[in-house]
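# An overview of the molecular structure
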Amino acid sequence: MSSSNLPSTAPSHGHPAKDLQQPLTNSSTNPPSTSSHRPRSNPDPTTSNASQTPQGSLTATPPTRPPELARLEVTLRSALRQYPDFPSPGILFEDIMPLFVSPALHEDLIHALHLLVTHYVTSQKIDVVVGLESRGFLFGPSLALRLGAAFVPVRKKGKLPGPCETEGFQKEYGADEFQMQSDAIKPGQRVVIVDDIIATGGSAAAAGKLVRKLGGDLLAFAFLMELDFLKGRDKLDAPVHTLFAGQEEALSSTR
Ligand SMILES: O=P(O)(O)OC[C@H]1O[C@H](OP(=O)(O)OP(=O)(O)O)[C@H](O)[C@@H]1O
Ligand SMILES: Nc1ncnc2[nH]cnc12
């Protein structure tokens, strides 16, 4: 299922008052939503290797989900933590850091992303994995190594030396500017952009523009998670692949 099947209005991000210090943990039992966020998409493959128009409409049926990938997705998703009203009121923050505390989960994550990219993007050589600051730096280099590809960072403005290209953007909770070094990608190189979450799609769209400015052949975007009710993928002009989609506030014993 793609986000194009969902209602077009984004929700208000209001949440009932909660103890901000207490994370909510994701449950594998898929509890009913208690938030104003749209419930988790179901079924999800959250991905498509369909050709995508600049408007985001999909034109082909996704291939079958490899069972191993489906299994890994359940494991990974259930390890995420949620923080209501972080970094600002109304945002339900998805915390991916637990995936890096456990070496087993870390390995599962890199394996799942490798499967996602090789199954859905291309079986041919990928030259460059582009990761977005900062959470895209946590797994982008490992994925690049496994693919035998280069890793190139997209950084917040003012962090990279030498000539750079710059793109401004709006994201789910603010505005920012991204940069890439002008010689980071050679014209015609085959590129996949990776990040942890696509929310409004502002960050990823800016990264896509930078890759194209440098002459890269942008094959796809790959994310761990898609907040599909925000319709971020509609801003992207290359196929979008994600491990899981939707957002639902987990029930927690702390509430
Ligand atoms: O789809 P969007 O609405 O653009 O939001 C998604 C972006 O927001 C987060 O990054 P953030 O800017 O918070 O930076 P961080 O990774 O350094 O925490 C996330 O890691 C994505 O890059
Ligand atoms: N809800 C969210 N949780 C974590 N990272 C995000 N980036 C943008 N929106 C986010």
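Relevant structure appears above.
All figures in this text were calculated on a predicted structure; none of them were measured in a lab. (Residues numbered from 1 in each chain as written. Chains lettered and ligands numbered in written order. Predicted model: local features only at pLDDT ≥ 70, side-chain atom pairs only at ≥ 80, totals over all residues. Heavy atoms only, no water.)

### Focus on the overall build of the protein
A count of helices and strands for the protein gives five helices and 10 strands. In the protein, which comprises 255 residues, the proportion classed as buried is 53%. Of the roughly 10,900 Å² that the protein leaves accessible, carbon and sulfur atoms contribute 54%. (Helix = DSSP H or I, 4+ residues; strand = E, 2+ residues; numbered from the N terminus. Buried < 20%, exposed > 50% of the residue type's maximum accessible area, 1.4 Å probe, protein only. Areas by Shrake-Rupley, 256 points an atom, 1.4 Å probe, with all protein chains shown as cover.)

### Describing the site of ligand 2
Residues in contact with ligand 2, as listed here, are I91, L92, F93, E94, R135, E172, Y173, I197, A199 and L227. Contact distances for ligand 2 include 3.0 Å between a nitrogen atom and a side-chain N or O atom of R135. In the complex, the protein chains occlude 92% of the 270 Å² of accessible area that ligand 2 would expose alone. When residues of the shell around ligand 2 are assigned to their parent elements, the largest contribution, three residues, is made by strand 3 (residues 92–95). Of the residues assigned to the shell around ligand 2, the class counts are seven nonpolar, no polar and three charged. (Near = heavy atom within 4 Å. Polar contact = N/O pair within 3.5 Å; in protein donor to acceptor, adjacent residues only side chain to side chain. Nonpolar A, V, L, I, M, F, W, Y, C, P; charged D, E, K, R; others polar.)

### Concerning the pairing of strand 9 (residues 217–226)
The buried count for strand 9 comes to nine of 10 residues, which makes it a mostly enclosed element. In terms of strand pairing, strand 8 (residues 190–198) meets strand 9 through eight bridges, oriented parallel. Across the sheet, residue R190 finds its bridge partner in strand 9, namely D217. This β-α-β element, strand 8 to helix 5 (residues 202–213) to strand 9, shows right-handed connectivity. The pairing of strand 9 with strand 10 (residues 240–245) spans five bridges and is parallel. Note that in strand 10 the partner of F221 across the bridge is V240. (Pairing = 2+ DSSP bridges. Right-handed = clockwise from strand over helix to strand, strands pointing away.)

### Digging into the site of ligand 1
Contacts to ligand 1 come from 16 residues, most closely from K171, Y173, D195, D196 and T200. In this structure, K171 approaches ligand 1 through a side-chain N or O atom, which is 2.5 Å from an oxygen atom. In the complex, the protein chains occlude 88% of the 500 Å² of accessible area that ligand 1 would expose alone. Only strand 8 and helix 5 provide two or more residues apiece to the shell around ligand 1. Residue contributions to the shell around ligand 1 peak at four residues, all from strand 8.

### Comments concerning the nonpolar core
Ranked by size, the top nonpolar core spans 38 residues in total, and within it L76, L99, L109, L113, F139, L224 and L243 carry the most contacts. Within the residue set of this core, elements represented by two or more residues are helix 1 (67–79), helix 3 (103–121), helix 4 (136–147), strand 8, strand 9 and strand 10. In terms of residues, this core owes the most to one element, helix 3, which gives 10 residues. Dropping the residues within four chain positions of it, L109 is found in contact with L76, L99, F100, F139, L224 and L243. The next biggest cluster of nonpolar side chains, apart from the first, holds 25 residues, and it includes V128, I185, A204 and V211. (Core = buried A, V, L, I, M, F, W, Y, C linked by side-chain atoms within 4.5 Å. Contact = heavy atoms within 4.5 Å.)

These figures capture arrangement, not role.
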